[in-house]
Structures are given as C-alpha cells and as structure tokens.
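Below are the chains, spelled out letter by letter.
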Amino acid sequence: RSFNEWGQSIVLQLLERYSPADEEEVFDILNILDERLKHANTSVVMSAINLFIRLTSELPGLLEDVFERIRVPMVSVLRSGTPELVFTCLHHVQLLLLRQPRLLDNDYKTFFCRFNDPAYVKYKRLELMTEIASPGNAHSIVDEISAYATDVGMEMARRSVRALGKIALKLDAVSDYCMGKLLSLFTLDMDYVTSETLAVMQ
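About the cut-offs
- Residues numbered from 1 in each chain as written.
- Predicted model: local features only at pLDDT ≥ 70, side-chain atom pairs only at ≥ 80, totals over all residues.
- Heavy atoms only, no water.
- Axes fitted to C-alpha atoms, helices over the stretch in contact; angles between N-to-C directions.
- Helix = DSSP H or I, 4+ residues; strand = E, 2+ residues; numbered from the N terminus.
- Parallel < 35°, antiparallel > 145°, perpendicular 65-115°, else oblique.
- Contact = heavy atoms within 4.5 Å.
- Salt bridge = Lys/Arg side-chain N within 4 Å of Asp/Glu carboxyl O.
- Buried < 20%, exposed > 50% of the residue type's maximum accessible area, 1.4 Å probe, protein only.
- Phe/Tyr/Trp six-rings, centres within 6.5 Å; stacked < 30°, edge-to-face > 60°.
- Lys NZ or Arg CZ within 6 Å of the ring centre and 35° of its normal.
- Lys, Arg positive; Asp, Glu negative; His and termini not counted.
- Core = buried A, V, L, I, M, F, W, Y, C linked by side-chain atoms within 4.5 Å.
- Patch = residues over 30% accessible without salt bridge, like charges linked within 9 Å, V, L, I, M, F, W, Y side chains within 5 Å.
- Areas by Shrake-Rupley, 256 points an atom, 1.4 Å probe, with all protein chains shown as cover.
- Charge placed at Lys NZ, Arg CZ, Asp CG, Glu CD.
- Left-handed = near helix turned anticlockwise from the far one by under 90°.

**Focus: the packing of helix α6 (residues 119–132) against helix α8 (residues 154–170)**
At a minimum axis distance of 9 Å, the contact between α6 and α8 shows a crossing angle of 10°. Taken together, the axes of α6 and α8 are roughly parallel relative to one another. Here K122, Y123, L126, T130, E131 and I132 of α6 lie close against α8, whose contacting residues are E155, M156, R159, S160, A163, K166, I167 and K170.

Encoded structure:
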C-alpha cells in the first residue's frame, strides 16, 4: 500500500516469480491480493488477476472460487477501459474460457460491441460472443450479432454472418433460430451479406 499504483503493479509482477512454501502461504497472499482486485488502476487489477491464476494453478480445488473472485474485476475492465485495455482483457478472457468455459455466461452483454469500439475490438468481442454462447444466453447473443450483419463495415458484417453459422452448428437448441436470422438477411439489399450468408448456409 505504501507504493503508488505503478509501484504496486511492478511488485505484483515480481511476485509472479515467487513460489510460496505451502498452501497456507498461498492463502495469505491471496487474501492480501484481494484488495488489489478492487483498485482503480487497471494495471494493478490485471497484475493481481494474473497472480491469482498463477498461484492457484497447482490447486485445482481452488480454481472455481478464484475464477469467481476475478470475474467481477475483469468485467469492470471490459466495461470501462480504453480500447487497448479492453482488447488485452478480451485476450485474457479468451484464455480463461479455455479453463472455465461457463465463467462469463451471465455477463454476455459485456461483450456486446459499442458504437465507438475500433474494428479490432469489435472483431474480438464477436469472437468471444460466439465462444460464450450457451442455451441460456444464445437467443440474446444471436439477436445482437444479427444486428451487426447490417454494419456499414463490410468485414464486420461478414464476420457476423459467420458467427451466426458457428452458433447454429455449436448449439442445436438455437440452430433453427439462427437459420431464421440468416434467412432474414436475404431481404437486405447488400451483396456481400447475401454472398456470405449463402456460403455459411451451404
């Protein structure tokens, strides 16, 4: 606490090299770190998240609790960060989803694109929406992605159509719904959307 935010971030990064002697020491460190997850500085928060994951990587019984503890800070960064921070955080989230696929099922709206997101952030958000789609949230995600298919950006529109196809293949429960959305895209008078939709439906 006596360090400023950048000093704290460096200390947290240095701690990643430290190996605790036993589980009790791991718990002590995690309890101290808990406060850093609520810090105003994103660098401190992300460093604390990385340290949380590293310290518990050999303790599978703790992983679920750890993921729940870091979920809220990650969602906060995704909602309030600059495009560069959001993009970095989205990559972190993608790696976390490999270990805990249902971690952010209820926070799916966090991944919806904002009108002022740069293209590279929109593409990553779209990719993650496809990954987190589940029977409980797929209808809302499909509705959102369908709106992106009318995007003035040709590449975003094409990626959105492909994302609808991926969700239809991934989740039987919403495949008919996705097909309905894809068929509705033929009414748009946009050649690149029509051609992409035909390719996806083959």
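**Quick look at the pattern of salt bridges**
All told, the structure shown has eleven salt bridges when counted by the stated rule. When the shortest N-O distance is used, the salt bridge between E35 and R36 registers 3.0 Å. For E35, a relative accessible area of 37% puts it in the partly exposed group. Close ionic contact of E68 with R71 constitutes a salt bridge, the shortest N to O distance being 3.1 Å. Pair noted here: E68 and R71 are both in helix α4 (residues 63–80), with a separation of three residues, about one helical turn. One connected set of salt bridges, linked through shared partners, spans E68, R71 and D107.

**Brief notes about the packing of aromatic side chains**
Ring pairs (aromatic) are described by centroid distance and by the angle formed between their planes. Throughout the structure, instances matching the rule amount to two aromatic pairs. Ring geometry for F87 against Y120: centres 5.0 Å apart, planes inclined by 80°, an arrangement best described as edge-to-face. Here F87 is found in helix α5 (residues 83–99), whereas its partner Y120 is found in helix α6, with 33 residues between them in sequence. F87 gets classed as partly exposed once you look at its relative accessible area, which sits at 25%. Above the ring of Y123, the side-chain terminus of R159 is found at 3.9 Å from the ring centroid.

**Some words on the side chain of R125**
In this fold, R125 is placed in helix α6. Take R125: its relative accessible area is 0%, and that puts it in the buried class. The residues contacting R125, other than those within four sequence positions of it, are L78, V86, L90, T110, F111, F112, C113, R114 and D117.

**Thoughts on the side chain of K122**
One can find K122 in helix α6. It turns out K122 is buried and unbridged, and the closest side chain with the opposite charge, D151, is 4.2 Å from it. Those residues in contact with K122, other than ones at most four positions away along the chain, are C113, R114, F115, D117, D151 and M156.

**Some thoughts on the nonpolar core**
If you look at the biggest cluster of nonpolar residues, it comprises 64 residues, and the most contacted ones within it are V93, F111, M129, I141, I145 and I167. In terms of residues, this core owes the most to one element, helix α3 (residues 42–56), which gives nine residues. Leaving out residues up to four positions away in the same chain, I167 has contacts with T130, A133, I141, V142, I145, V174 and C178.

**Some remarks on a negative patch on the surface**
Together, D22, E23, E24 and D28 make up a region of like negative charge exposed at the surface. Topologically, E23 is positioned in helix α2 (residues 23–33).

**Some words on the packing of helix α7 (residues 138–148) against helix α9 (residues 175–184)**
In a pair of packed helices, the angle between the axes and the distance between the axes together describe the arrangement. Where α7 meets α9, the closest approach of the two axes is 11 Å, and the angle between their N-to-C directions is 15°. The angle between α7 and α9 falls in the class roughly parallel. Pair α7 / α9 crosses with right-handed handedness. Together, H139, V142, D143 and S146 of α7 and Y177, C178 and K181 of α9 make up the contact between the two elements.

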